[in-house]
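Coordinates in review
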Amino acid sequence: MKISGSTALVTGANRGIGRHFAEQLLERGAKKVYATARDARRVDLPGVEVLELDITDPASVEAAAAAAQDVTLLVNNAGISTGANLVTGDLAKIRLEMDTHFYGTLSMVRAFAPALGANGGGAILNVLSALSWFSADGANAYGAAKAAAWSLTNGVRLELRGQGTQVTALHLGAADTDMMAWYEGAKTDPGDVVRAALDGIEAGSMEVVVDEWSAAVKASLAADPALFYT
Ligand code: NDP
């Protein structure tokens, strides 16, 4: 799908990767960009339409969908990382991971699918993670929720094929945002993440794997599926 002339909506657009999405969508000629955030006052981007939107609140999602009937590109970017593990972690944190990454993305897709269909099909991009694929101590609740969101992405692609909606998954390793501020290893520039994602949307890709590390992880898992379980 062409970005130029599209009407895009980005969740979590006040900072991090979401902010880069809003900026680059405008740079690529999007006709309109709805930059949404839990607190609308925290969006300070010129040229965007600001909407308040908490993806875990069904009423908020419905209100955003009613306000953005002209959308043709939905970018499900909003996310959290609680650091919870599955066996000993706080169950409320594990539920919040699922509420955000799985149910939040699902609510967005259900609320916006009719408008996308009415506007010619359009496209959905779901921001996932290399942790959709494998376990990592301290991020197992996050990984489980991202794996659920990845499965959701593939199911939604199948279900929306009839209305012509393109559905793209974005997988990445560590990017240099607040979420990974604690991490001292190599991190991808969030601007580069977004460039790769938008290139993928324009190319009609079903999956975009941003960084070499994620691509290497994917290749290793394909070569030795037992690694999925370690
Ligand atoms: P940040 O922590 O920098 O930003 C997260 C954004 O999501 C914020 O705008 C935040 O809003 C918003 N958000 C969180 N919960 C909700 C909610 N319930 N409703 C609406 N907005 C919400 O993280 P990143 O920019 O790094 O993350 C963007 C996406 O990329 C996430 O899905 C993340 O899981 C994914 N990702 C990031 C990686 C990384 O290394 N950074 C690696 C792999 C994937 P607020 O400001 O109100 O908190």
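Everything below is about the structure shown above.
Here is a short report on the structure shown in this document. (Residues numbered from 1 in each chain as written. Predicted model: local features only at pLDDT ≥ 70, side-chain atom pairs only at ≥ 80, totals over all residues.)

Considering the site of the ligand
Close contacts around the ligand come from 29 residues, with Gly12, Gly16, Ala78, Gly79 and Thr177 the closest. Counting only elements with at least two residues in the shell around the ligand, the list comes to helix H1 (16–27) and helix H3 (91–118). The class makeup of the residues in the shell around the ligand is twelve nonpolar, twelve polar and five charged. (Near = placed C-beta within 6 Å. Helix = DSSP H or I, 4+ residues; strand = E, 2+ residues; numbered from the N terminus. Nonpolar A, V, L, I, M, F, W, Y, C, P; charged D, E, K, R; others polar.)

Some points on the environment of serine 205
Tracing the chain through its elements places serine 205 in the loop between helix H5 (190–203) and strand S7 (207–209). Overall, the presence of 17 C-beta atoms within 10 Å leaves serine 205 in the partly exposed class. If we skip the residues at most four places from it in the chain, serine 205 touches Thr168 and Gly200. (Buried ≥ 20, exposed ≤ 12 C-beta atoms within 10 Å, placed from the backbone. Contact = placed C-beta atoms within 7 Å.)

Description of helix H2 (residues 58–67)
When H2 is considered as a whole, its buried residues turn out to be Val61, Ala64 and Ala65. Projected down its long axis, H2 shows its buried positions confined to an angular sector of 100°, all on one face. Across H2 from its buried face, at more than 90 degrees, point the exposed residues Ala59 and Ala66. Residues of H2 that are buried sit in contact with strand S2 (32–37), strand S3 (49–52) and H3. (Arc of directions from axis to C-beta.)

Concerning the sheet that holds strand S1 (residues 7–10)
Pairing between sheet strands relies on hydrogen bonds along the backbone, with the strands arranged either parallel or antiparallel. Pairing is parallel across the open sheet formed by seven strands, whose spatial order is S3-S2-S1-S4-S5-S6-S7. Of all the strands in the sheet, just S3 and S7 have a single pairing partner and so form its edges. With direction set aside, neighbouring strand axes in the sheet form an average angle of 15°. (Pairing = 2+ DSSP bridges. Axes fitted to C-alpha atoms, helices over the stretch in contact; angles between N-to-C directions.)

Considering the pairing of strand S6 (residues 166–171)
The buried fraction of S6 amounts to five of the six residues, a majority that puts the element mostly inside the structure. Both strand S5 (residues 123–127) and S6 contribute to a ladder of five bridges, which runs parallel. When the sheet's bridge partners are listed, leucine 125 is paired in S6 with threonine 168. In this view, the connection linking S5 to its parallel neighbour S6 by way of helix H4 (residues 140–160) has right-handed handedness. Relative to S7, S6 runs parallel, the two being bridged by three bridges. The residue of S7 that forms the bridge with alanine 169 is glutamate 207. (Right-handed = clockwise from strand over helix to strand, strands pointing away.)

Overview of the packing of H3 against H4
The interhelical angle for the contact between H3 and H4, taken along N-to-C directions, is 15°, at an axis separation of 8 Å. As the angle between them shows, H3 and H4 are arranged roughly parallel. Crossing geometry of H3 relative to H4 is assigned as right-handed. Along the contact surface, H3 presents Lys93, Ile94, Glu97, Met98, His101, Phe102, Thr105, Leu106, Val109 and Ala113, while H4 presents Ala141, Tyr142, Ala145, Lys146, Ala148, Ala149, Leu152, Val156 and Leu160. Grouping the constituent residues of the contact of H3 with H4 by class yields 14 nonpolar, two polar and three charged. (Parallel < 35°, antiparallel > 145°, perpendicular 65-115°, else oblique. Left-handed = near helix turned anticlockwise from the far one by under 90°.)

Focus on the environment of threonine 177
The residue threonine 177 is located in the loop between S6 and H5 in this model. You can call threonine 177 partly exposed: it has 18 C-beta atoms within 10 Å. Sequence spacing of threonine 177 and arginine 95 is 82 residues, and the spatial spacing of their C-alpha atoms is 23 Å. Apart from residues no more than four positions distant in its own chain, threonine 177 is found in contact with Gly16, Ile17 and Pro190.

A few points about the packing of H2 against H3
Remark: H2 packs on H3, axes separated minimally by 9 Å, with the N-to-C direction vectors making an angle of 20°. Relative to H3, the element H2 lies roughly parallel. The interaxial crossing formed by H2 with H3 has right-handed handedness. Facing Pro58, Val61, Glu62 and Ala65 of H2, the residues of H3 in contact are Ser107, Met108, Ala111, Phe112 and Ala115.

Brief notes about the nonpolar core
Ala8, Val10, Val33, Leu74 and Leu170 are the most contacted members of the largest nonpolar core, which has 62 residues in total. Ranked by residue count, the leading element in this core is H4, at eight residues. Sequence-distant contacts of valine 10, that is, excluding residues within four places in its chain, are made with Gly18, Phe21, Ala22, Val33, Ala35, Thr36, Val75 and Asn77. (Core = buried A, V, L, I, M, F, W, Y, C linked by C-beta atoms within 7 Å.)

Some details on the pairing of S1
Residues Thr7 and Leu9 of S1 are buried on one face, and the alternating residues Ala8 and Val10, pointing to the opposite face, are buried as well. Pairing geometry for S1 and S2, over four bridges, is parallel. Bridge assignment links alanine 8 to a residue of S2, and that residue is valine 33. Viewed along the sheet, the connection from S1 through H1 into S2 turns out right-handed.

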